[in-house]
Structure formats: structure tokens, C-alpha cells
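Structure at a glance
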Amino acid sequence: MAGINSLFKTKILLKPNTFSAIVQNGMAIFPSYYIEPIYKKEDQEALKKSGEISEYVHMPTKAALNSQTCSVSYDPILSLFTNYLMRKGQKELARNLVERSLEQVKRIQLERYHKCNSDEERAKIELNPKIIFHRAVENGKPLLQLMPVKRGGVKYQVPVPISEYKARFLSMNWLIEAGREKDRTKVRFWTQLARELVDASNNTGKVVRRKQELHKQCEANKAYAHYRWS
Amino acid sequence: MLRQISRLVDPLKGRNLSLTSSCVESKLLRTSQFSTNASESNAVEDVDTKKTLNKAMRTYLERAREHDEFMKTQRREFEIGKRHLANMMGENPDTFTQEDIDNAIAYLFPSGLYEKKARPMMKPPEEVFPQRKAAEFDETGRPYHFLFYTGRPNFYQILHEAVQHIIELNKFEDAMIRKKLEPDPNLTLELSGSKWIEKEILETNLVETITDKEYSSFINVMDRLASLPYSYRIKDLIMQYRKSLINQSKTFEAIIPQLDENGRQFVSVYECRRKRATASVTVRSPGTGKITINDLGIDYFNGVQQREQASVVWYNIFDRFRGKQQKPRFFYCTEKQRIIMHQRPTHGMGQQRTIGRNNV
């Protein structure tokens with residue numbers, strides 16, 4: 001009960017005195033004019049240096065999320081990936097899976113590293129699993145997507161440009177789906193995800209193939225492109 | 001011109017040319033209400049007898065008198081009501097202030113309505129009934145204001161003045177450039193702590209209703225004016241239309257460190273609450289750099305995320321002591337086991353702890 005009361009209190013406190021009316025923003029606790037928090041020390045320093053900090057001083061700011069820290073190990077893209085992976089709010093499980101897959105990536109790369117015969121080959125192998133992850137996500141991003149458009153009672157799949165946000169989501173979601181493909185009693189999720197990450201970072205594997213398939217379909221439906229605006 | 005403005009403020013007094021000081025005040029945009037004191041109602045009668053009166057003026061005077069009478073009745077009723085209320089509350093009716101009235105109303109008619117305007121109130125009639133403009137034309141029907149035919153003379157006067165200031169400042173800037181001088185960066189107008197006044201407030205200040213489009217053009221003009229390099233020269237005028245965003249509601253006093261038996265400084269804060277967790281925190285200086293949470297280290301928390309947050313809090317405080325000889329030492333919840341963790345049953349995952357944000 002105390003918990004509920006305290007939550008209720010915080011909600012009331014959110015009402016700023018300087019604004020006459022509170023704008024309802026869906027289910028969000030914070031009104032729409034609240035800005036995103038700047039929780040990274042480097043970002044704050046950069047703002048201080050450029051003098052922009054004075055603009056932010058009086059802005060009502062949202063609280064940082066539970067997972068957002070200024071820790072050196074914090075990676076916003078990886079955190080986003082963890083959230084996409086999460087099911088039924090089991091954050092710790094999702095985080096565990098991501099960490100294990102990154103560990104697995106490290107193992108795969110180390111194995112390759114030690115199998116190499118020359119220094120030149122060794123230099124080519126990236127051992128940092130986070131860099132591998134970022135490369136994999138970057139390589140999986142499609143450039144176009146298909147949007148169904150109804151013309152004369154027929155639905156056409158029309159190729160349209162994709163937003164940065166959607167492209168990143170698709171890439172990450174394909175990685176997750178690729179990880180789930182194998183029967184988990186035989187191959188665990190993190191093992192499969194690690195393989196997919198390494199493959200995608202080398203521009204091969206299921207995710208990259210899926211991206212290319214989408215591009216091919218877009219190419220095939222090129223003739224419908226004008227349905228986007230007419 | 002001055003005489004005209006003074007008439008705008010109080011047209012009936014203006015006829016006797018008895019105005020001196022209010023001419024200066026008339027620069028303020030707030031136009032006066034219909035006059036309510038007795039000497040002016042006599043003037044109204046004097047005016048009425050003249051035959052040269054314009055029809056518009058006659059109608060206006062008729063309206064003014066009606067409004068005057070109405071306000072008088074309201075005022076009388078308010079005074080009687082006030083005395084009655086004071087008697088009910090057992091106070092002296094002569095020293096009963098508006099604050100006392102508000103308190104009495106809140107006591108007699110307790111209301112849980114969220115919207116404060118919807119709650120019962122008793123205010124003087126001047127506050128309850130909206131202000132109305134005084135006559136904008138003389139007895140021959142000729143308007144005083146040069147922007148009368150825009151329909152919103154006060155509003156357009158603001159825009160007009162703003163544009164005049166823009167032109168002046170541009171001229172000034174040109175002159176400065178010719179002299180090869182630059183604006184003083186220290187004097188630059190700081191607008192980040194304030195915002196333009198809202199449409200409703202502008203409307204009440206002007207005693208005119210304006211449309212959204214007109215309001216946006218007001219904002220545009222003012223933004224333009226404020227963005228000029230020498231806008232600090234007319235700071236007062238700009239700040240007149242801005243509202244401060246700072247609203248200080250509390251003052252915070254830093255806790256004074258105490259000394260323990262070993263002569264070390266320490267600061268304790270009790271009942272630090274975050275969502276459903278409560279903690280007491282002690283920071284010692286000079287310390288060892290160690291963290292204790294309920295007699296355990298950072299591994300008190302099972303989740304990686306919580307450990308990360310806890311270590312970041314530790315790091316941030318530690319960072320402030322960087323380069324100094326003394327290092328802080330932290331005790332979390334040393335005296336009593338104060339972190340309360342509510343356990344919540346989850347499906348299939350056994351029991352999961354719910355821990356609030358930064359609750360260390």
C-alpha cells in the first residue's frame with residue numbers, strides 16, 4: 001500500500017507549477033514536453049563546452065530509465081537489442097542471453113584466432129564481441145521495405161524507403177528470429193545467436209540473406225513504386 | 001498625442017483636461033475599466049445633456065452607465081456578503097481581508113474538485129467580471145487610436161512597436177559595423193530561463209481577443225526581435241512579454257558532516273525512498289573506497305543491472321574526490337536492514353526481486 005501511495009505521490013509531484021495545464025500523453029507518466037535525459041557524462045561535458053547547457057537547465061526532463069547508466073560498459077544499441085529480445089518483461093533473462101551470446105562470440109573468434117597460422121590472418125580477426133555485434137546489426141539493415149497499397153481492389157507490395165529506426169529494428173529482429181530457429185534442446189539460443197552475429201558481421205548468413213531477399217523483392221516490384229504517391 | 005492617450009485611459013476625465021500623471025502610465029498596454037467613482041457619473045450626466053454627441057458615443061455612455069450601476073450593485077452585495085461571512089466566522093467585519101474570505105469559503109464549502117476554478121469562491125466583482133475597454137472614440141465619433149480600424153488596436157500596436165525596434169536595432173547594428181565594433185557577448189540576452197507569455201495572458205493584458213494566427217505572428221515578431229545581436233538594448237521591453245520558468249518552492253540546506261569516535265567525518269541520510277525501496281545511507285570521509293550494502297558488498301544485488309547502477313553511483317561520488325587525499329567510504333543500510341524489497345510472484349521464473357531505480 002505504501003508503494004502505491006508513493007507512486008501516486010510522484011505522479012502528483014510531476015505536475016509543474018510553471019505550466020498551467022498538463023498535457024496527457026497516452027499512457028506515459030511524463031507529459032510530451034519533457035525532454036529525454038542526458039545521462040552520459042561525456043554528453044554533459046560536451047554540452048557544457050559548447051555552452052548549450054544553459055538551454056537545458058530549465059527544461060523539464062524525464063528520469064533516466066533503470067537500465068540507463070553513465071557506466072563505460074553501457075551501450076545504448078545493445079540495451080535496445082536486449083529490450084527487443086525480452087519477452088514477458090523478463091529483463092534479467094534477456095540480459096543473460098545477450099551476455100552469453102557475446103561470450104560465445106568471443107569464444108568463436110578466439111578459436112579462429114588460435115587456428116590462424118600467420119600474424120596477417122590474426123590481425124584480420126576482430127576479437128571484441130561488441131564490435132562484432134555492431135557490425136552485424138549494421139550489415140543486416142535493409143535499405144527499402146515493402147508496403148501494401150490497395151489499387152483497384154488489388155493489394156500491391158510497393159517498395160518504399162525505410163526509416164533508420166525501422167531498419168535497425170528489422171535487422172535486430174531478424175537476428176533474434178535467426179537465433180530462435182534451431183530446436184533449443186539441441187542448440188541453445190545464445191549459441192545460435194552467436195553464430196548468426198559472427199556470420200552477419202562477415203556479411204554472410206541468414207540475416208544478410210534475408211535482407212538481400214527483401215531487396216530482390218523490392219527490385220522485382222519496382223514497377224509499382226509510383227503507387228506510393230499516385 | 002499625450003492627450004489622446006490619456007483620453008484612451010479615461011475618456012470622461014479627459015474632457016476636463018485634468019489628467020497629468022496618468023499620461024505616462026498610459027504607455028502600459030492595460031486599458032482601464034469603465035470608471036466607477038461618483039465624480040465621473042456626474043460627468044456622464046453633463047455629457048448627456050449636450051446635443052452635439054455622436055450616436056456611437058451616446059450608446060457607449062448608455063452602456064457605461066449600465067455597467068457602472070451593475071458594478072455598484074455587485075460591489076454592495078459583495079460588501080454585505082463579506083460582513084455577513086465575517087459575522088458567521090466570529091471575526092471583526094471591518095478587518096476581514098480577502099485572504100480571510102478565501103479561508104472561510106474553503107472551510108464552509110470544502111471541495112475536492114481538481115480544477116481550482118470550479119471550486120466555490122467569493123471574490124470582489126472587479127475580479128469576477130471581465131474587464132471592458134473604455135471608449136475608443138471622442139464625442140464626434142472619431143477614434144483616438146491610429147490603429148483603431150484594425151479591430152485590435154492594442155495588439156497591432158505591440159507589433160508596430162516591435163517592428164520599429166527591429167528597424168532601430170538594425171540601424172544601430174549598421175552604425176556599429178561601420179565603427180568596426182561588435183556586440184558585447186557578456187550582455188547577450190539570456191532567454192533560456194523564460195518563455196513568451198501565453199495567449200490567454202496576452203489577451204487579458206490587451207483587453208482584446210486575438211486569434212491563434214495572430215498569437216503566432218506575435219511570437220514570430222518577438223522571436224525576431226529577441227534574436228537580434230543588440231536586442232539587449234531593449235531587454236526591459238522584451239522581458240515584459242516573457243514569463244520566468246523558475247519557480248522556487250523549496251530551499252535545500254546541505255547536511256553538516258558529523259564526527260565519529262575515530263574523528264572521521266560522516267553524513268547519514270535516513271529514509272531515502274525510491275519507488276518501493278527504502279534505504280539509509282552513510283558516507284564516510286576519509287574512507288577506504290569500499291561499499292557495504294546490508295553487510296555485503298556489491299554482490300548484495302543478484303542482477304547485473306542493479307550492480308551496474310550501484311557501482312555507477314559509487315563511481316560518481318568517488319569521481320568528485322578524485323585527486324584529493326581523502327576517499328569516501330560508503331555504508332548502505334548499516335544500522336538496520338532498511339532496504340525493503342517486495343517480492344512479487346512471477347510465472348515460471350521463480351521469485352524475482354523488484355528493485356527501484358538507483359535504490360542503493
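Fair warning: this is a prediction, and the values are worked out from it, not measured in the lab.

What to know about the overall build of chain B
Assigned secondary structure in chain B consists of 12 helices and 9 strands. The long-range share in chain B, meaning contacts at least 24 apart out of those at least 6 apart in sequence, stands at 61%. Approximately 23,500 Å² of chain B is accessible, and the part contributed by carbon and sulfur atoms is 52%.

So, the overall build of chain A
For chain A, the helix and strand inventory stands at 10 helices and 2 strands. Going from the N terminus to the C terminus, chain A shows its helices and strands as α-α-α-α-α-α-α-β-β-α-α-α. Across the 230 residues that make up chain A, the buried fraction comes to 38%. Sequence-distant contacts in chain A: of pairs separated by 6 or more residues, those separated by 24 or more amount to 62%. Carbon and sulfur atoms provide 54% of the accessible area of chain A, an area that totals close to 14,600 Å².

Quick word on the packing of aromatic side chains
Residues and elements named next belong to chain A. Tallying each qualifying case throughout the model produces 16 aromatic pairs over all chains. Relative to Y34, the ring of F30 lies with its centre 5.4 Å away and its plane at 35°, an arrangement referred to as tilted. Each member of the pair, F30 as well as Y34, is classed as buried. Ring geometry for Y84 and F169: centres 5.0 Å apart, planes at 85°, overall edge-to-face. Within this pair, whereas Y84 is found in helix α4 (residues 76-85), its partner F169 is found in helix α8 (residues 164-180), the two being separated by 85 residues in sequence.

Section: the environment of L225(B)
Residue and element names in this part refer to chain B. Checked against the element boundaries, L225 lands in helix α10 (residues 212-227). Through-space distance from the C-alpha of L225 to that of I238 is 8.2 Å; in sequence the pair is 13 residues apart. Among all residues touching L225, those that are not within four sequence positions of it are A162, H165, I166, L169, S231, I234, L237 and I238.

So, a nonpolar patch on the surface
There is a patch of nonpolar side chains on the surface, built from M88(B), Y107(B), L108(B) and F109(B) and spanning about 450 Å² of accessible area. Tracing the sequence through the fold places M88(B) in helix α5 (residues 55-89).

A look at the nonpolar core
Judged by nonpolar contacts, the single largest core of 34 residues is most densely connected at F81(A), F133(A), M172(A), L175(A) and L197(A). Among the secondary structure elements, those contributing two or more residues to this core are α4, α5 (91-115), α7 (129-139), α8, α9 (189-201) and α10 (205-220) of chain A. Listed in part, the 27 residues of the second largest apolar core include W196(B), Y232(B), I234(B) and Y241(B).

Digging into the environment of R75(B)
Residues and elements named next belong to chain B. Take R75: it is sitting in helix α5. Each C-alpha atom, one on R75 and one on P125, is 6.1 Å from the other, the two residues being 50 residues apart in sequence. Leave out the neighbours within four places in its chain, and R75 touches P124, P125 and E126.

Some thoughts on the confidence of the model for chain A
All names here are of chain A. Here chain A shows a mean pLDDT of 87. Residues at 70 or above account for 89%. Considering each helix and strand of chain A separately, the mean pLDDT is smallest for helix α1 (residues 2-13), with a value of 41, and largest for α7, with 97. Residue range residues 1-21 is modelled with pLDDT below 50. Its contacts to residues more than four positions away, or to other chains, number 21 contacts.

Description of the packing of α4(A) against α8(A)
Residue and element names in this part refer to chain A. Contact geometry of α4 with α8 gives a least axis separation of 10 Å together with a crossing angle of 55°. Considering the angle they form, α4 stands oblique to α8. The two elements α4 and α8 cross, and the hand of that crossing is right-handed. The residues of α8 that touch α4, namely those facing I77, L80, F81, Y84 and L85, are Y165, R168, F169, M172, L175, I176 and R180. Residue composition of the contact of α4 with α8, grouped by class: 10 nonpolar, no polar and 2 charged.

Structural notes on α5(A)
Because each turn of an α-helix spans 3.6 residues, side chains separated by three or four positions end up pointing in the same direction. Relative to the 36 Å expected for 25 residues at 1.5 Å per residue, α5(A) spans 36 Å between its end C-alpha atoms, a close match to the ideal helical length. Along α5(A), the positions that sit buried rather than exposed are A94(A), R95(A), L97(A), V98(A), S101(A), L102(A), V105(A), I108(A) and Q109(A).

Let's talk about the side chain of S171(A)
All names here are of chain A. Examined against the element boundaries, S171 turns out to sit in helix α8. Its relative accessible area of 0% is what places S171 among the buried residues. Of the polar contacts made by the side chain of S171, one reaches the backbone oxygen of V137; its length is 2.8 Å.

Overview of the confidence of the model for chain B
All names here are of chain B. A residue-level look at chain B finds 73% of positions with pLDDT of 70 or above and a mean pLDDT of 76. Across chain B, helix α8 (residues 153-178) holds the top mean pLDDT of 96, while strand β8 (residues 343-345) sits lowest at 33. Within the model, pLDDT remains below 50 along residues 331-360, and this stretch shows 73 contacts once partners closer than five positions in the same chain are excluded.

Examining the pattern of salt bridges
All told, the structure shown has 26 salt bridges over all chains when counted by the stated rule. R107(A) is the partner of E103(A) in a salt bridge, and the nearest nitrogen-oxygen pair spans 3.1 Å. Of this pair, E103(A) and R107(A) both sit in helix α5, 4 residues apart, which is roughly one turn of that helix. Among the charged side chains, a network of salt bridges with common partners joins R75(B), E79(B), K82(B) and E126(B).

Examining the pairing of strand β5 (residues 277-285) of chain B
Residue and element names in this part refer to chain B. Buried residues dominate β5, accounting for 8 of its 9 residues. Two elements, strand β4 (residues 265-274) and β5, share 8 bridges in a ladder whose sense is antiparallel. Across the sheet, residue R274 finds its bridge partner in β5, namely A277. Between β4 and β5, which pair antiparallel and follow one another directly, the connecting turn spans 2 residues, one of which, K275, has a positive phi of 50°.

About the criteria used
- Residues numbered from 1 in each chain as written.
- Chains lettered and ligands numbered in written order.
- Predicted model: local features only at pLDDT ≥ 70, side-chain atom pairs only at ≥ 80, totals over all residues.
- Heavy atoms only, no water.
- Helix = DSSP H or I, 4+ residues; strand = E, 2+ residues; numbered from the N terminus.
- Contact = heavy atoms within 4.5 Å.
- Areas by Shrake-Rupley, 256 points an atom, 1.4 Å probe, with all protein chains shown as cover.
- Buried < 20%, exposed > 50% of the residue type's maximum accessible area, 1.4 Å probe, protein only.
- Phe/Tyr/Trp six-rings, centres within 6.5 Å; stacked < 30°, edge-to-face > 60°.
- Patch = residues over 30% accessible without salt bridge, like charges linked within 9 Å, V, L, I, M, F, W, Y side chains within 5 Å.
- Salt bridge = Lys/Arg side-chain N within 4 Å of Asp/Glu carboxyl O.
- Core = buried A, V, L, I, M, F, W, Y, C linked by side-chain atoms within 4.5 Å.
- pLDDT = per-residue confidence, 0-100.
- Axes fitted to C-alpha atoms, helices over the stretch in contact; angles between N-to-C directions.
- Parallel < 35°, antiparallel > 145°, perpendicular 65-115°, else oblique.
- Left-handed = near helix turned anticlockwise from the far one by under 90°.
- Nonpolar A, V, L, I, M, F, W, Y, C, P; charged D, E, K, R; others polar.
- Expected span 1.5 Å × (residues − 1).
- Polar contact = N/O pair within 3.5 Å; in protein donor to acceptor, adjacent residues only side chain to side chain.
- Pairing = 2+ DSSP bridges.

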